[in-house]
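Observations on chain architecture
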Amino acid sequence: MEKTFFISADIEGITDVTFWSETEEGQEGYEAARAQMTREVAAACEAVLESGNLPVVRDGHGNARNISHLDLPEKTVLMRGWACHPGSMMAGLSAAYSGVLYIGYHAPAGSDGSPLAHTVDHEKVKWAKVNGRLMSEFTMNSLYAAALGVPSLFISGDETICRLAAEEVPQIAALPVKTCRGNSTRNLHPLEAARKIKEAVAQQIAAFQENPAAYAPPALPEQLTLEVCLSTHHGARSALRLPGVTQLDPYTVRYVASTPKELNIAFELILG
């Protein structure tokens, strides 16, 4: 029986993407970046389809209209635009999905793992932590998936997010398509990156289908303590409007959530 796999895609971890202008519609380099984003997503979709299953893609960057649907393989469902949903980059995910694949993910705010390191909003967030650990967008999204009982199976992106993801979810298959130093990146060839993504996704899905129990999501902690260091002291004071937020210093606030969904909502409200 065919299964459905959810693909959450971002752009900052895509091969060759190095500058903020390349992530913004209408700016220099954006069209090449979105073309490679589409290529890498298409590679993952091809692996899913060739395994006898179905891919559903969530365009999770910016205005969520970056991926060219025509350049994805037939039978691929693409979600564009934002759903005003607490899942954000995972909106549309449900317990009916068999697994999640993450394409184009990137290092978190507070790390030096990418020129584009950030967590949700690079202008507002200096760093964010959950239960004392630096929080990436992968952290948020894999927790959200785990709460639904859906395993996180594969991630591609920069070397740092791949390492951090493997620390958080040991059974995940991680494929770095670039390494980053300072404001520079060292990238695989775009076609090689796509080929390796297809191969790695195919291998991971095959292993998962052979022994699904080995990929069960990790147990969720009883509480999720969110700490956010904001770029301005005004932002920290404004966050106090959310009941339950406490201020730790002029720039840093804390909120204790009981579920990943609550964590996501609180983080969004803290950022205003």
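Please refer to the structure placed before this passage.
Residues numbered from 1 in each chain as written. Predicted model: local features only at pLDDT ≥ 70, side-chain atom pairs only at ≥ 80, totals over all residues. Heavy atoms only, no water.

We now examine the sheet that holds strand E9 (residues 184–187). Judged by pairing direction, the sheet is mixed, and its seven strands sit side by side in the order E3-E2-E1-E4-E7-E8-E9 without closing on themselves. Whereas interior strands pair on both sides, the edge strands pair on one side only; in this sheet they are strand E3 (77–79) and E9. In this sheet, neighbouring strand axes are inclined to one another by 20 degrees on average, regardless of whether the strands run parallel or antiparallel. Those strands touched by helix H1 (residues 30–50) are strand E1 (4–9), strand E2 (54–59) and strand E4 (99–105), and its axis lies near 155 degrees from that of E2. Lying on the sheet, helix H2 (residues 137–147) is in contact with E1, E4 and strand E7 (152–158); it crosses E4 at an angle near 170 degrees. (Pairing = 2+ DSSP bridges. Helix = DSSP H or I, 4+ residues; strand = E, 2+ residues; numbered from the N terminus. Axes fitted to C-alpha atoms, helices over the stretch in contact; angles between N-to-C directions. Contact = heavy atoms within 4.5 Å.)

Bringing the sheet that holds strand E5 (residues 125–130) into the picture now. Spatial strand order, E6-E5-E10-E12-E11: five strands in an open sheet with antiparallel pairing. Edge positions in the open sheet fall to strand E6 (133–134) and strand E11 (246–249), since each of these has one partner strand only. Bridge analysis of E11 against strand E12 (residues 252–257) gives three bridges, and the strand direction is antiparallel. When the bridges of E12 are listed, Asp249 appears paired with Thr252.

What follows concerns H1. Along its 21 residues, H1 runs 30 Å from first to last C-alpha, staying within 8% of the 30 Å computed at 1.5 Å per residue. Once H1 ends, the next one or two residues include Gly52, with phi positive near 90 degrees. (Expected span 1.5 Å × (residues − 1).)

Turning to the packing of aromatic side chains, a few remarks are in order. On inspection of all chains with the given rule, the structure shows five aromatic pairs. Ring centres of Tyr102 and Phe138 lie 4.9 Å apart, and the angle between their planes is 75 degrees; on these two criteria the pair is classed as edge-to-face. Of this pair, Tyr102 sits in strand E4 while Phe138 is found in helix H2, placing the two residues 36 residues apart along the sequence. In this pair, the class of Tyr102 matches that of Phe138, namely buried. Consider the rings of Phe208 and Tyr215, whose centres lie 5.8 Å apart with planes at 75 degrees: the pair is edge-to-face. Take Phe208: its relative accessible area is 6%, and that puts it in the buried class. (Phe/Tyr/Trp six-rings, centres within 6.5 Å; stacked < 30°, edge-to-face > 60°. Buried < 20%, exposed > 50% of the residue type's maximum accessible area, 1.4 Å probe, protein only.)

Within the chain, Cys84 stands out as a residue other than glycine whose phi angle is a positive 50 degrees. Residue placement: Cys84 occurs in the loop between E3 and E4. Non-glycine residue Val120 carries a positive phi angle of around 70 degrees. Looking at the secondary structure, you find Val120 in the loop between E4 and E5.

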